[in-house]
Amino acid sequence: PPPPPSIPAIVGVHHRADGGSIRAIDFDAIKRANPTGYKFYKSTPDDYIVIRGLGIPLDFCVTRLDHPLETHPIVFYINGSTGIYDQPIQEALAAGVTLIEFFNEPNIPEGGLDKMWRTSGEFAAVCALLMDTIKTRYPQVRLLSPALSPQPNVAEWWESMQRAGIFVRAAGIAAHSYWSL
C-alpha cells in the first residue's frame, strides 16, 4: 500500500471533463463550493486567471497533463522545448501552479492499458522514467502519482507502482472519487 500522507490532502473540484473553458454556471458552482484547491483538465492560461479571481491559491491547484493513447518514447513527452508536456508545464509554472498529475487512469484501456503498455509493471517503468525526466528538466514541479480507475486490478497496479518507486518520487497521490445519485 502507498505510504500515508505527510501533509493534509487538497480537496477540490475537477475542471470540465470535456476540456472546455469554465462557463458561468461552473464559476458559480466553484465559488459556492469554496474549495481549498482545484484540478484543471487541459487547462489554458485564461483558466488560471479565472481561478485566481475566485480566490483559490494556485499553489493548491493541480494541472493534469493529457497523453495520446499510443506508445511513444520519453522524449515525445518532454525534451525541454518540443515535448507535448513542455508547453503545459511551462504555462502552469508561469501561473504559479506547481502540482502536476499525469497519465489519467492508466489501468484501463481509455487510459492506455493494452495500447501504451500491457502490464502494470510496464507502465510503472515508463512512469518512473518520465517522472525522473520531468523532475530533471523542471525541478520546481511537484508531481502527483497517476490516479487509478477503481477497477479490480488496482491492488496489482499499486504494488507495481510501489516497487518502481513512484510514490517515493511523487509529492502526493492523485485520486479520483466517483459517485452516483
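Residues numbered from 1 in each chain as written. Predicted model: local features only at pLDDT ≥ 70, side-chain atom pairs only at ≥ 80, totals over all residues. Heavy atoms only, no water.

### Notes on the overall build of the protein
- A tally of regular secondary structure across the protein gives seven helices and six strands.
- Reading the secondary structure of the protein in the N-to-C direction produces β-α-β-α-β-α-α-β-α-β-α-α-β.
- By residue count, 45% of the 181 residues in the protein fall in the buried class.
- Contacts spanning at least 24 positions in sequence make up 67% of the contacts within the protein whose residues lie at least 6 apart.
- With an accessible surface of roughly 9700 Å², the protein has 59% of that area assigned to carbon and sulfur atoms. (Helix = DSSP H or I, 4+ residues; strand = E, 2+ residues; numbered from the N terminus. Buried < 20%, exposed > 50% of the residue type's maximum accessible area, 1.4 Å probe, protein only. Contact = heavy atoms within 4.5 Å. Areas by Shrake-Rupley, 256 points an atom, 1.4 Å probe, with all protein chains shown as cover.)

### Section: the nonpolar core
- Ranked by internal contacts, the top residues of the largest apolar core, which has 40 residues, are Tyr85, Ile89, Phe102, Phe103, Leu130, Ile134 and Val141.
- Among the elements of the structure, helix 2 (45-53), strand 3 (61-65), helix 3 (74-77), helix 4 (86-95), strand 4 (99-102), helix 5 (120-137), helix 6 (154-163) and helix 7 (166-169) are those that each provide at least two residues to this core.
- Among the elements that take part in this core, helix 5 stands out by supplying six residues, more than any other.
- Not counting residues within four places of it along the chain, the set of residues in contact with Ile89 comprises Leu65, Ile78, Ile134, Tyr138 and Val141. (Core = buried A, V, L, I, M, F, W, Y, C linked by side-chain atoms within 4.5 Å.)

### Details of helix 5
- Spanning 18 residues, helix 5 covers 26 Å between terminal C-alpha atoms, matching the ideal 26 Å at 1.5 Å per step.
- All of the buried residues along helix 5 are Ser120, Phe123, Ala124, Cys127, Ala128, Leu130, Met131 and Ile134. (Expected span 1.5 Å × (residues − 1).)

### Describing the environment of Ile100
- Along the chain, Ile100 falls in strand 4.
- In this view, Ile100 contacts Val62, Thr63, Leu65, Ala92, Val141, Arg142, Leu143 and Leu144; residues no more than four positions away in its chain are not counted.

### Overview of helix 6
- When we look at burial in helix 6, the residues that qualify are Val154, Trp157, Ser160 and Met161. One face of helix 6 carries all of its buried residues, which in axial projection span an arc of 125°.
- Elements that come into contact with the buried residues of helix 6 comprise helix 5, strand 5 (142-145) and helix 7.
- Phi for Gly165, located one or two positions after helix 6, is positive at around 80°. (Arc of directions from axis to C-beta.)

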